Amino acid sequence: MVEEVQKHSVHTLVFRSLKRTHDMFVADNGKPVPLDEESHKRKMAIKLRNEYGPVLHMPTSKENLKEKVPQSASDSYGHKQYPANQVGQEVEYLVTGTHPYPPGPGVALTADTKIQRMPSESAAQSLAVALPASQARADANRPVPAGGEYRHPGASDRSQPAGAVVMEGGNAKNSALMAKKAPTMPKPQWHPPWKLYRVISGHLGWVRCIAVEPGNQWFVTGSADRTIKIWDLASGKLKLSLTGHISTVRGVIVSTRSPYLFSCGEDKQVKCWDLEYNKVIRHYHGHLSAVYGLDLHPTIDVLVTCSRDSTARIWDVRTKASVHTLSGHTNAVATVRCQAAEPQIITGSHDTTIRLWDLVAGKTRVTLTNHKKSVRAVVLHPRHYTFASGSPDNIKQWKFPDGSFIQNLSGHNAIINTLTVNSDGVLVSGADNGTMHLWDWRTGYNFQRVHAAVQPGSLDSESGIFACAFDQSESRLLTAEADKTIKVYKEDDTATEETHPVSWKPEIIKRKRF
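All values reported here derive from a predicted model rather than from experimental measurement.

Basis of the calculations
- Residues numbered from 1 in each chain as written.
- Predicted model: local features only at pLDDT ≥ 70, side-chain atom pairs only at ≥ 80, totals over all residues.
- Heavy atoms only, no water.
- Helix = DSSP H or I, 4+ residues; strand = E, 2+ residues; numbered from the N terminus.
- Buried < 20%, exposed > 50% of the residue type's maximum accessible area, 1.4 Å probe, protein only.
- Contact = heavy atoms within 4.5 Å.
- Areas by Shrake-Rupley, 256 points an atom, 1.4 Å probe, with all protein chains shown as cover.
- Phe/Tyr/Trp six-rings, centres within 6.5 Å; stacked < 30°, edge-to-face > 60°.
- Pairing = 2+ DSSP bridges.
- Axes fitted to C-alpha atoms, helices over the stretch in contact; angles between N-to-C directions.
- Polar contact = N/O pair within 3.5 Å; in protein donor to acceptor, adjacent residues only side chain to side chain.
- Salt bridge = Lys/Arg side-chain N within 4 Å of Asp/Glu carboxyl O.
- Disulfide = S-S within 2.5 Å.
- Core = buried A, V, L, I, M, F, W, Y, C linked by side-chain atoms within 4.5 Å.

**Remarks on the overall build of the chain**
(1) Moving on: Within the chain, the regular secondary structure consists of 5 helices and 28 strands.
(2) Moving on: Burial statistics for the chain: of 514 residues in total, 43% are counted as buried.
(3) Moving on: Here the analysis covers contacts within the chain between residues at least 6 apart in sequence; of these, 48% occur between residues at least 24 apart.
(4) Moving on: For the chain, the computed accessible surface area is about 28400 Å², with 53% contributed by carbon and sulfur atoms.

Written as structure tokens, this is what we have:
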């Protein structure tokens, strides 16, 4: 009961105080009476103290650094003011940086060990950002901003403070403060152009796949005429024809671990050929539709195939057992690649995705969804821990193991059927319209474009590249084409950097995620 009476008394006092304040400024007619100058000053002093008191001691610009503070230290009500500084003292501008941090891992942060302190202006000048000479000259010529306010040294779009010392070759402490520039494409490595020097005929249908044997003596091709042909690499002459597939042969590969040749086709069959007897010794049954590609694991006896049934399958070469069925793609799987490092299997599909697989578990590690159209080609760099994928939208480069995006290689505006790369960093993309582009792997610079004429007697519409591969010496490039031929290219020995210069400008890179 006592508490209720007290609350009522407080509320009554507050109401009467507000009523009295209101009556002071309202005339009989209900209109507000204008405040006199003294009252206005009192109200402003109260507002300054209540709202801006915590920041009144901070200087607003360099022009105010040496201002003297007026003598008045209290307002007319007797409340203490918040002056910019004590009377007769100069304001020292404090340059703030990062929070205090210890000099190394495991060191306790104390007053003696902390690195970042509150330096004076002279110390701020000694901590000036280390900029290149060209940037320093540009900053020296830049006009001082209006108002002379202090700008933090470091950001490229801000002015350097007046009188700041620019150091050449900064140390580790100020390297974090260096101005960030827009990334520019480095100058690409010069590569000699490639020229056509041999056309090999013999197939009666589109040549769909090609592979070079590890000894570099011969190469093998598969065709829509349902045959597999083996050719002498040096002379280009036919050595052997293998028959057994009942539809287009879509993939061939020669083992580095045994004298075996593996092939697959649109007849759903996967075959293992013994090259000592030139006969099929194993079949791998399981795919429900056309088999579009295959690859061998480099260190274990495992074969991986991909199919139009939206799956890839892992096979034990010797027992013919299907170890895993890699499910997850929602459309035909067009290409598959294996490597010894994780992830050991990479697939590209017509569902526009790329999947990186865990070989042991038989499950997807990463799914890359950046492409907008079908991914028909994937290639792994022989030396770097990177790979590239080809699609009609563009060619993309990625970094293992998680598929981090590196860059786009744009310009080959066609359906890209095949990709190959050599250890010198020459990436080759072959397309459905018969064009072939050659790129510098590191920078993505397109240094050559080739469109070879079709074989005499063929239609111009039969211009298309289905597969390409470098030989083991990487001195010859072989392409399998729609005009039923195999074309062989080699580097132009007469070309120099003067005769074929790199038409390159340091343009700003526009890296797109998609």
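Next comes the rest of the description.
**Describing the packing of aromatic side chains**
(1) Moving on: Tallied over the entire structure, the rule returns 10 aromatic pairs.
(2) Moving on: Ring centres 6.3 Å apart and planes at 20 degrees place the aromatic pair phenylalanine 387 and tryptophan 398 in the stacked group. In this pair, phenylalanine 387 is assigned in strand S19 (residues 386-390) and tryptophan 398 in strand S20 (residues 395-399), connecting sequence segments 11 residues apart. Each of the two residues, phenylalanine 387 as well as tryptophan 398, counts as buried.
(3) Moving on: Three or more aromatic residues joined by ring pairs make a cluster, and in this case those are Tyr385, Phe387, Trp398, Phe400 and Phe405.

**Re the sheet that holds strand S22 (residues 416-421)**
(1) Moving on: The strand order across the open sheet formed by 4 strands is S22-S23-S24-S25, and the pairing between neighbours is antiparallel. Only two strands of the sheet have a single neighbouring strand rather than two, namely S22 and strand S25 (446-451). Across the sheet, the mean angle separating the axes of adjacent strands is 15 degrees when strand polarity is ignored.

**With respect to the pairing of S22**
(1) Moving on: Most of S22 sits out of view: 6 of its 6 residues are buried.
(2) Moving on: As judged from the 5 bridges shared by S22 and strand S23 (residues 426-431), these two strands associate in the antiparallel manner. Within the sheet, the bridge partner assigned to threonine 418 lies in S23 and is glycine 430.
(3) Moving on: Between S22 and S23, which pair antiparallel one after the other, the connecting turn spans 4 residues, and glycine 425 there sits at a positive phi close to 90 degrees.

**Details of the side chain of serine 429**
(1) Moving on: If you trace the backbone, serine 429 turns up in strand S23.
(2) Moving on: A polar atom in the side chain of serine 429 sits 3.1 Å from the side chain of tryptophan 439.
(3) Moving on: Residue contacts for serine 429: discarding those within four places in its chain leaves Ile395, His412, Ile416, Thr418, Leu419, Thr435, Met436, His437 and Trp439.

**Notes on the sheet that holds strand S10 (residues 291-296)**
(1) Moving on: Ordered in space as S10-S11-S12-S13, the 4 strands form an open sheet in which the pairing is antiparallel. With partners counted over all chains shown, the strands left at the sheet margins are S10 and strand S13 (322-326), one partner each. For this sheet, the mean angle separating the axes of adjacent strands, direction not counted, is 20 degrees.
(2) Moving on: Across 5 bridges, S10 lies against strand S11 (residues 302-307) in antiparallel orientation. For aspartate 295, the partnering residue across the bridge sits in S11 and is valine 304.

**Comments concerning the pattern of salt bridges**
(1) Moving on: Applying the stated criterion across every chain yields a total of 8 salt bridges.
(2) Moving on: Residue arginine 250 pairs with glutamate 266 through a salt bridge whose shortest N-O separation is 2.7 Å. One end of the pair, arginine 250, is in strand S6 (residues 249-254); the other, glutamate 266, is in the loop between strand S7 (260-265) and strand S8 (270-274), with 16 residues separating them in the sequence.
(3) Moving on: Taking relative accessible area as the criterion, arginine 250 reaches 18% and is therefore assigned buried.
(4) Moving on: Of the residues examined, glutamate 266 reaches a relative accessible area of 30% and is grouped as partly exposed.

**Here we look at the environment of glycine 411**
(1) Moving on: The residue glycine 411 is located in the loop between strand S21 (404-409) and S22 in this model.
(2) Moving on: According to the relative accessible area criterion, glycine 411 is partly exposed, its value standing at 24%.
(3) Moving on: A sequence separation of 35 residues divides glycine 411 from asparagine 446, and the C-alpha atoms of the two residues are 8.2 Å apart.
(4) Moving on: Beyond its immediate sequence surroundings of up to four residues, glycine 411 is in contact with His437, Trp439 and Arg449.

**Description of the state of the cysteines**
Structurally, a disulfide amounts to a covalent bond that connects the sulfur atoms of two cysteines.
(1) Moving on: Per the counting criterion, the structure on display carries 0 disulfides.
(2) Moving on: Just so you know, cysteine 306 is unpaired, no disulfide at all, and the nearest cysteine sulfur is the one on cysteine 264, 7.1 Å from it.

**Here we look at the nonpolar core**
(1) Moving on: Core analysis: the biggest nonpolar cluster contains 15 residues, and Tyr292, Val304, Cys306, Ile314, Leu326, Val336 and Ile345 have the highest contact counts within it.
(2) Moving on: If we skip the residues at most four places from it in the chain, valine 336 touches Gly293, Leu294, Asp295, Val304, Thr305, Cys306, Ile345, Ile346 and Thr347.
(3) Moving on: Val426, Val450, Ala452 and Tyr489 belong to the second-largest nonpolar core, a separate cluster that totals 14 residues.

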